Amino acid sequence: MLIDKKHIGMKVPPHSVTPTAWQLKWFAKATGETNPIYFDEAAAQAAGMPGVLLPPTFFFCMDMDKEHPFDYIETMGCDLGKMLHGEQIFTYHKPAYSGDVLDFDGQVTDIYDKKNGALQFIVKDVKVSRHGELVCDMRTVIVIRA
Amino acid sequence: MTKANFDALNVGDEIPSFTTEPVSRLTLALYATGSGDHHPLHLDQDYVRSKGMKDVFAHGMLGMAYLGRLLTQWVPQEAIRSFGVRFTAITWIGERMVCTGRIVEKLEQNGEKCVRLELTCANEQGEAKHKADAVVALA
């Protein structure tokens, strides 16, 4: 069944996240990061940063940091077991650090299909800001298999 | 880190590459903690078997994080203007990820000298798992 295109424009409930140095330490360990500005608060401060630097893809993790990160997809009647991550794009405006209060404001901006509906695509655009200043634009493309 | 210089770089130049340790179940458990993504597809073998798959597999965003590290080992992170990835294949337990990048375009964007890079995260057999594109500003 094709997703109803009336969902284009749907707002995702906004949320705020304050990333911690603790979580970033585990992220660095998992990804093999050895530069201490990404996991050691003292090293980041010695480099002139207010906190541990958030690595380039961490904004996605924070966008998912809510109780039901895919509720907008369930609202469309899709099975989350058939969901794949198709594409992820970031455009950066300002660096962000542990301890920042970051606001995530997302909206479904496109829905389309390929292969006669065998693959459906949901595009979500999210603005990440800190005290009203834009930090990062993020686009997530989710694929739903038939 | 050798400082990347716009004038000294040419289309076709490769940036320093690396190969990761094999992706293990521990890697995925650590990534689940670091990313907050505890989806059972990456952690719970009983669950994935019930879905007809042979084994747990890596989070796609783990591979993108490796490619992010490829960029930040080459230039300071604040030089990255944009970074996008397409997920093309699943990464299985035991695979090492070979992360490579090369310059495909020199351009001026919003008054800044930039290079566009094509990045690839592939297994050791050369199967591309993720193909990415990044624009980096250089002095």
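Data block above holds the structure.
Keep in mind the model is a prediction, meaning the values are calculated, not measured.

1. Quick look at the overall build of chain B
Across its full length, chain B holds three helices and five strands. In chain B, the succession of α and β elements from N to C terminus is β-α-α-α-β-β-β-β. Along the first, second and third principal axes, the C-alpha atoms of chain B reach 55 × 30 × 25 Å. Here chain B holds 139 residues, and 47% of them are scored as buried.

2. Examining the overall build of chain A
Helix and strand counts for chain A come out as four helices and five strands. The order of α-helices and β-strands along chain A, N terminus first, is β-α-α-α-α-β-β-β-β. In terms of overall dimensions, chain A has C-alpha extents of about 55 × 30 × 25 Å along its principal axes. Among the 146 residues that make up chain A, the fraction classed as buried is 49%. Long-range contacts, defined here as pairs at least 24 residues apart, represent 70% of the contacts in chain A between residues at least 6 apart. Split by element, the accessible area of chain A, about 6900 Å² in all, is 54% carbon and sulfur.

3. What to know about the interface of chain A and chain B
Tallying the contact residues gives 26 residues for chain A and 24 residues for chain B. Of the roughly 2200 Å² buried at the junction of chain A and chain B (both faces included), carbon and sulfur atoms supply 63%. The largest contributions to the chain A side of the interface with chain B come from A:Ala30, A:Thr31 and A:Tyr92, which together make up 22% of the buried area. Between chain A and chain B we count zero salt bridges in total. Across the chain A-chain B interface, the total number found is nine residue pairs in polar contact (both at pLDDT 80 or more). Secondary-structure elements contributing two or more residues to the side of chain A that touches chain B are α1 (21–31), α3 (58–63) and β2 (83–92) of chain A. Here the element with the most residues in the side of chain A that touches chain B is β2(A); it accounts for eight residues. When the residues that make up the side of chain A that touches chain B are grouped by side-chain class, the tally is 15 nonpolar, eight polar and three charged. With five bridges connecting them, β2(A) and strand β2 (residues 80–87) of chain B associate as antiparallel partners. Each bridged residue has a counterpart across the sheet, and for A:Gln88 the counterpart in β2(B) is B:Val85.

So, how was this worked out
- Residues numbered from 1 in each chain as written.
- Chains lettered and ligands numbered in written order.
- Predicted model: local features only at pLDDT ≥ 70, side-chain atom pairs only at ≥ 80, totals over all residues.
- Heavy atoms only, no water.
- Helix = DSSP H or I, 4+ residues; strand = E, 2+ residues; numbered from the N terminus.
- Buried < 20%, exposed > 50% of the residue type's maximum accessible area, 1.4 Å probe, protein only.
- Contact = heavy atoms within 4.5 Å.
- Areas by Shrake-Rupley, 256 points an atom, 1.4 Å probe, with all protein chains shown as cover.
- Buried area = accessible area lost by both parts, 1.4 Å probe.
- Salt bridge = Lys/Arg side-chain N within 4 Å of Asp/Glu carboxyl O.
- Polar contact = N/O pair within 3.5 Å; in protein donor to acceptor, adjacent residues only side chain to side chain.
- Nonpolar A, V, L, I, M, F, W, Y, C, P; charged D, E, K, R; others polar.
- Pairing = 2+ DSSP bridges.

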